[in-house]
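Single-letter residue listing:
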Amino acid sequence: QHPSPPVLTRIEKQVPEFLTYCQIERQFSPETIRKYQDCLRQVGRHIGQVHLGEVRKEHVRGLKACLVSRGNSIMRQISILLAFKSYLRYCNLECEIEVDPAIVTTPRRPRPDVLYLTPAEVEQFVSAIKVKTGGGAYQLEALRFRALVECLLGSAMRISEALSLDRSDIDFDRAEARIIGKGSKPRTVFFTDRALDWMRRYLGARQDNCQAMFVTRDGNRLKRPDIWRFFERYRKLSGIRKHLTAHTLRHTTATQLLMNGCPIGHIKEILGHERLETTCRFYLGLDQNAAKSAHRKFMTYTEAQ
């Protein structure tokens, strides 16, 4: 008796089950799930008609060629390909579909360009956020944005982490908060006195009962799409020409720590990076003045006595 032929399943069919698996078994955040869904949608657009058991290297090469022709950045290509690789691994291990995840390889990851603000640019930016009217009353939206900016600058949090804060999460006496960070991992973040001062001012001006730290006019938790226009508005008002986002402020904090002599291991913990390699890839090599001083101090040859 001949064995039954394998059931052929198109690439896209297992995606909903895979996303549920990521949510339940891997405990991925909703944001990560959305990113995986978007990346796999791109895979489906280019090679979705191929059956899972028939995926070969030539299909992956075709996918890569499509991504390049559409003008996707290297980092975008890597994200899509890594999501595809994870999906194939799931299909192989959990669904027992004969497909080799190793056929998916990624381009070499370039050293990232770290865009950050200098201390002078930080003051230039925050000074453009006018938090009071001519009569001296607070403009709540401007005050909220200033508090958010100071929170990011004073803690190096990711924007998703800052927007997930509740009032009760923040220990103002200890200048810290316990949060759930990237990958659903709990960690402690620390605040500067300046950040806490602006956060107190914002909370003191609010009239709502919402427990979220940052809220909309309607008293609902502030979400990422709500804030981008504020960054662009105040960037223009400040006259800063650099691309400026919440992540730019995270880079700014990390870079300032480095320039002030903070050990890279401590920067890793403050940023919530899982691996020291990630912190080094982004920030080592930024401080050229310190590198020159270190060269003068340590780069000497002495004859053995």
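Please refer to the structure placed before this passage.
From a predicted model like this one, the values you see are computed outputs, not experimental measurements.

Undergrad: So what's going on with the overall build of the chain? Residues and values would help.
TA: Secondary structure assignment for the chain yields 13 helices and 3 strands. Counting only residues that meet the buried cut, the chain has 40% of its 305 residues in that class. The contacts in the chain between residues at least 6 apart in sequence include a share of 64% that link residues at least 24 apart. By element, 50% of the accessible surface of the chain is carried by carbon and sulfur atoms, the whole surface being about 18200 Å².

Undergrad: Could you give me a rundown of the layout of surface pockets, with the residues and numbers involved?
TA: Looking at the second largest pocket, its volume works out to about 400 Å³. L153, G154, T192, T253 and Q256 are the residues nearest the centre of the second largest pocket, which is lined by 20 residues in total. For the lining of the second largest pocket, the secondary structure elements donating two or more residues are α5 (119-127), α6 (140-155), β3 (186-190) and α10 (246-259). Among the residues making up the lining of the second largest pocket, the classes are represented as 9 nonpolar, 8 polar and 3 charged.

Undergrad: Lay out the packing of aromatic side chains in plain terms, naming residues and giving numbers.
TA: Under the criterion given, the structure shown has 12 aromatic pairs. Pairing F18 with Y36 gives two aromatic rings, centres 5.9 Å apart and planes at 35°, and the pair type is tilted. Residue F18 is found in helix α1 (residues 15-24), and its partner Y36 is found in helix α2 (residues 30-47); the two are separated by 18 residues along the sequence. Here F18 matches Y36 in class, with each residue buried. Relative to F231, the ring of W228 has its centre 6.5 Å away and its plane inclined at 40°; by these criteria the two rings are tilted.

Undergrad: Would you mind going over the pairing of β3 in detail, with residue names and values included?
TA: Two faces belong to every sheet, and in a regular strand the side chains alternate between them. A one-sided burial pattern is seen for β3, the buried positions being R187 and V189 and the unburied ones P186, T188 and F190. Where strand β2 (residues 176-180) meets β3, 5 bridges bridge the pair, whose relative direction is antiparallel. Note that in β3 the partner of R178 across the bridge is T188.

Undergrad: Residue-level account of the sheet that holds β2, with values.
TA: On the basis of which strands lie adjacent, the open sheet formed by 3 strands has the order β1-β2-β3 and antiparallel pairing. Edge positions in the sheet fall to β1 (170-171) and β3, since each of these pairs with one other strand and no more. As judged from the 2 bridges shared by β1 and β2, these two strands associate in the antiparallel manner. Considered in β2, the bridge of I170 is made with A177.

Undergrad: Provide a residue-level description of the pattern of salt bridges, including the pertinent values.
TA: Within this structure, the stated rule accounts for 19 salt bridges. One salt bridge in this structure joins E161 and R187, with 2.6 Å as the shortest N-O distance. Taken together, the positions of E161 in helix α7 (residues 159-163) and R187 in strand β3 put the pair 26 residues apart, joining distant regions of the chain. Linked through salt bridges whose partners overlap, the residues forming this network are E123, R146, E150 and R194.

Undergrad: Provide a residue-level description of the nonpolar core, including the pertinent values.
TA: Core analysis: the biggest nonpolar cluster contains 46 residues, and F125, L148, L165, F191, F214 and F231 have the highest contact counts within it. Secondary-structure elements contributing two or more residues to this core are α5, α6, α7, β2, α8 (193-205), α9 (228-238) and α10. With 9 residues, α6 is the single largest residue contributor to this core. In contact with F214, other than residues within four places in its own chain, are R144, A147, L148, C151, A162, L163, Y202, R206, N220, R221 and L222. If you look at the next biggest cluster of nonpolar residues, it comprises 30 residues, including F18, C22, Y36 and I80.

Undergrad: So what's going on with α9? Which residues, and what values?
TA: Restricting attention to buried positions, one finds in α9 the residues F230, F231, Y234, R235 and S238. Looking straight down α9, one finds that the buried residues subtend no more than 130° of arc, so they occupy a single side. What points out from α9, more than 90 degrees from its buried face, is the exposed set K236 and L237. In the stretch just after α9, G239 is the one whose phi turns positive, near 85°.

Undergrad: Kindly report on the pairing of β2, identifying the contributing residues and their values.
TA: Counted along the chain from β1 to the antiparallel partner β2, the turn is 4 residues long, and its residue A175 has a positive phi close to 55°. Between β2 and β3, which pair antiparallel one after the other, the connecting turn spans 5 residues, and G183 there sits at a positive phi close to 75°.

About the cut-offs
- Residues numbered from 1 in each chain as written.
- Predicted model: local features only at pLDDT ≥ 70, side-chain atom pairs only at ≥ 80, totals over all residues.
- Heavy atoms only, no water.
- Helix = DSSP H or I, 4+ residues; strand = E, 2+ residues; numbered from the N terminus.
- Buried < 20%, exposed > 50% of the residue type's maximum accessible area, 1.4 Å probe, protein only.
- Contact = heavy atoms within 4.5 Å.
- Areas by Shrake-Rupley, 256 points an atom, 1.4 Å probe, with all protein chains shown as cover.
- 1 Å grid on protein atoms, 1.4 Å probe; cavity = no way out; pocket = protein on both sides within 12 Å on 5 of 7 lines; lining within 4 Å.
- Points joined across faces, edges and corners; volume = space filled by probe spheres on them.
- Nonpolar A, V, L, I, M, F, W, Y, C, P; charged D, E, K, R; others polar.
- Phe/Tyr/Trp six-rings, centres within 6.5 Å; stacked < 30°, edge-to-face > 60°.
- Pairing = 2+ DSSP bridges.
- Salt bridge = Lys/Arg side-chain N within 4 Å of Asp/Glu carboxyl O.
- Core = buried A, V, L, I, M, F, W, Y, C linked by side-chain atoms within 4.5 Å.
- Arc of directions from axis to C-beta.

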